[in-house]
Amino acid sequence: MTSNFEKIHPRVDIRPYELGESLPEFDCGKDWFNDFINTAEVECYQRARLGKTRLVYFDGEFAAFFCVSPNSLRDDDYNEEEADGASELYEGPFDMPARLLGHLAVDKQFKDEGLGEYLVKHVLADTLESDTPFRLVILHSQDDVVGFYEKYGFAKAFPNGSGNQHTTLMFYDLGRRTD
C-alpha cells in the first residue's frame, strides 16, 4: 500500500526563497503567516540570516512555505518531569542541538492535499540527513495545531502549561526515531 507521503512526493517541489523573489499572493487563513510571506518581512528575515525560508510548490503552484534554522534546547526550556521523553534527553552540561522548524503554513486552497504531513516528515528526514548532528527538531506551535504536531511524535515541552502564553514549545527527539 502506498503512503500519502509517497503519493504526493512527485507532485511537490521545495525550493529555497531567493532574495528579491516575487511571490504570488498567499492565504493560509492566519494573518501572521500571510504577512510574513506577502510582505518584505520574508526578505528581512533572510537578510538578517535568521533562517532559511523554503517555498513549496504543489503541481507547479505556490502552496506552502516553512523556515528552518539552527537552534538549541536548554534544560530550562522544558519540564523534564512532565514532558514526554524529556527524561531521556542528554543530561550533560551542553544545550541540545536542535533545528527550529518555523513558519510552516499551507495555503487554504491546498489544505486537504496532505502537505502539512508531508512537510513535517520532510523536515524530520532532512534533519536526520543533515551534516549537522541535530538531536531535536523544535517548534513553537499555535494552540490550534498542537494536536497536529503530536500526531507526528512531537511532545510539549511544558505539558501542564507555563512557557509562552501565545505558542506551545514542542520538540521531536531524533534520538528516539526508529524508522
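Residues numbered from 1 in each chain as written. Predicted model: local features only at pLDDT ≥ 70, side-chain atom pairs only at ≥ 80, totals over all residues. Heavy atoms only, no water.

Trainee: Describe the overall build of the protein chain, naming the residues involved and giving the relevant values.
Mentor: The number of helices and strands found in the protein chain is five helices and seven strands. Sequence-ordered secondary structure for the protein chain, helices as α and strands as β, is α-β-α-α-β-β-β-α-β-α-β-β. Burial statistics for the protein chain: of 179 residues in total, 44% are counted as buried. Sequence-distant contacts in the protein chain: of pairs separated by 6 or more residues, those separated by 24 or more amount to 71%. (Helix = DSSP H or I, 4+ residues; strand = E, 2+ residues; numbered from the N terminus. Buried < 20%, exposed > 50% of the residue type's maximum accessible area, 1.4 Å probe, protein only. Contact = heavy atoms within 4.5 Å.)

Trainee: Can you explain the nonpolar core? Please cite residues and give values.
Mentor: In terms of nonpolar packing, the biggest core is built from 28 residues, with Phe 66, Leu 101, Leu 115, Val 137 and Phe 154 touching the most fellow members. Of all the elements in the fold, those that place two or more residues in this core are strand E2 (52-58), strand E3 (61-73), strand E4 (96-106), helix H4 (115-129), strand E5 (136-141), helix H5 (146-151) and strand E7 (168-173). For this core, the leading source of residues is H4, giving six residues. Excluding residues that lie within four positions of it along the chain, Leu 115 makes contacts with Ile 8, Val 12, Val 56, Phe 58, Ala 63, Val 106 and Phe 110. Ranked by size, the runner-up nonpolar core spans 15 residues in total, among them Leu 23, Phe 36, Ile 37 and Phe 65. (Core = buried A, V, L, I, M, F, W, Y, C linked by side-chain atoms within 4.5 Å.)

Trainee: Pulling in residues and values, what's your account of the sheet that holds E4?
Mentor: Strand order in the open sheet made by the seven strands is E1-E2-E3-E4-E5-E7-E6, with mixed pairing throughout. Two strands close off the open sheet at either side, each with one partner strand: strand E1 (12-16) and strand E6 (155-156). The pairing of E6 with E7 spans two bridges and is classified as antiparallel. Its bridge partner lying in E7, Ala 155 is registered against Phe 171. H4 contacts E1, E2, E3, E4, E5 and E7 of the sheet and is inclined by roughly 155 degrees relative to E4. (Pairing = 2+ DSSP bridges. Axes fitted to C-alpha atoms, helices over the stretch in contact; angles between N-to-C directions.)

Trainee: Describe the pattern of salt bridges, with residues and values.
Mentor: Throughout the structure, instances matching the rule amount to eight salt bridges. We note a salt bridge from Arg 135 to Asp 173, for which the minimum N-O separation is 2.5 Å. With Arg 135 in the loop between H4 and E5 and Asp 173 in strand E7, the pair connects residues that are 38 residues apart, well separated along the chain. Here Arg 135 falls in the partly exposed class, since its relative accessible area comes to 23%. (Salt bridge = Lys/Arg side-chain N within 4 Å of Asp/Glu carboxyl O.)

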